[in-house]
Amino acid sequence: DQQVKQNSPSLSVQEGRISILNCDYTNSMFDYFLWYKKYPAEGPTFLISISSIKDKNEDGRFTVFLNKSAKHLSLHIVPSQPGDSAVYFCAASLSNDYKLSFGAGTTVTVRA
Amino acid sequence: GAGVSQSPRYKVAKRGQDVALRCDPISGHVSLFWYQQALGQGPEFLTYFQNEAQLDKSGLPSDRFFAERPEGSVSTLKIQRTQQEDSAVYLCASSPGLSTGEQYFGPGTRLTVT
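Residues numbered from 1 in each chain as written. Chains lettered and ligands numbered in written order. Predicted model: local features only at pLDDT ≥ 70, side-chain atom pairs only at ≥ 80, totals over all residues. Heavy atoms only, no water.

Peer 1: Account for the nonpolar core, naming residues and giving values.
Peer 2: Nonpolar side chains in soluble globular proteins generally cluster together in the buried interior. Counting residues in hydrophobic clusters, the biggest one holds 23 residues, and the most contacted among them are A:F33, A:W35, A:L73, A:L75 and A:Y88. Broken down by secondary-structure element, the contributors of at least two residues to this core are β3 (19-25), β4 (32-38), β5 (45-51), β7 (62-67), β8 (72-77), β9 (86-93) and β11 (106-111) of chain A. One finds B:L21, B:W34, B:F49 and B:A88 within the second-largest nonpolar core, a separate group that totals 20 residues. (Core = buried A, V, L, I, M, F, W, Y, C linked by side-chain atoms within 4.5 Å. Buried < 20%, exposed > 50% of the residue type's maximum accessible area, 1.4 Å probe, protein only. Helix = DSSP H or I, 4+ residues; strand = E, 2+ residues; numbered from the N terminus.)

Peer 1: Which residues make up the state of the cysteines, and what values go with them?
Peer 2: The tally for this structure, following the rule as stated, stands at two disulfides over all chains. Here A:C23 connects covalently by a disulfide to A:C90, the sulfurs 2.0 Å from one another. Its S-S torsion of approximately -75° makes the covalent link between A:C23 and A:C90 left-handed. Here A:C23, found in strand β3, pairs with A:C90, found in strand β9; they are 67 residues apart in sequence, far enough to count as distant. The side chain of B:C23 participates in a disulfide bridge whose partner is B:C92; the two sulfur atoms lie 1.8 Å from each other. Torsion about the S-S bond of the B:C23 and B:C92 cystine: about -65°, corresponding to left-handed handedness. (Disulfide = S-S within 2.5 Å.)

Peer 1: Now, about the pattern of salt bridges: what can you tell me, with residues and values included?
Peer 2: Taken as a whole and assessed by the stated rule, the structure comprises seven salt bridges over all chains. Close ionic contact of B:D56 with A:K99 constitutes a salt bridge, the shortest N to O distance being 3.2 Å. Of this pair, B:D56 sits in strand β6 (residues 53-56) while A:K99 sits in the loop between β9 and β10 (101-102), which puts the two residues in different chains. Overall, B:D56 belongs to the buried group, its relative accessible area being 10%. Close ionic contact of B:E68 with B:K78 constitutes a salt bridge, the shortest N to O distance being 3.4 Å. You can see B:E68 sitting in strand β7 (residues 65-68) and its partner B:K78 sitting in strand β8 (residues 75-79), a full 10 residues away along the chain. Judged by its relative accessible area of 26%, B:E68 is partly exposed. A relative accessible area of 33% means that B:K78 is categorised as partly exposed. (Salt bridge = Lys/Arg side-chain N within 4 Å of Asp/Glu carboxyl O.)

In structure tokens, the structure reads:
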């Protein structure tokens, strides 16, 4: 039972424009959310996280928005750069749990 | 400093063979996780260690899968009598804390069972 869903398998965006990645979750008990970025033949690397007590967290070009009532989060990358081309995974957990539940990933391609 | 390392990076096994996958976590990290990532999917939790104690093995798909971390550092995931459905990337991750938080992933071992 997939508790975290990324319904867009791929996204293509022009360099300099905004990339918006979406993620939905079904378990209302989740209260900690993370985004990971993965290049081919490498493991996922942590990008940004957000706790359910916030609705926005920003780190440089990356901003994550959380809508608890809709059980939805999004990652905004602005401006998009060629090095941002990768697979992005959304993950969720309970605040006192260690298990991460991952979505299937969205492949982002940034066009020059 | 050194990140999480895994070996081998690639493993081809004939159906029915046993395999052992190794994970070297970041030094001093208390928590260690194993995930299985099938093609086109996200990582799925297999098992969790806190130091040498295996606190959760609820994600192991069958009793052919066994993991250990005897001295609280290096961990080995063993798969006995491999089947084709075991073909996947096996990811190891570690974290310094005991509960939620960022996990640091290794590059994974791609297992192909023929």
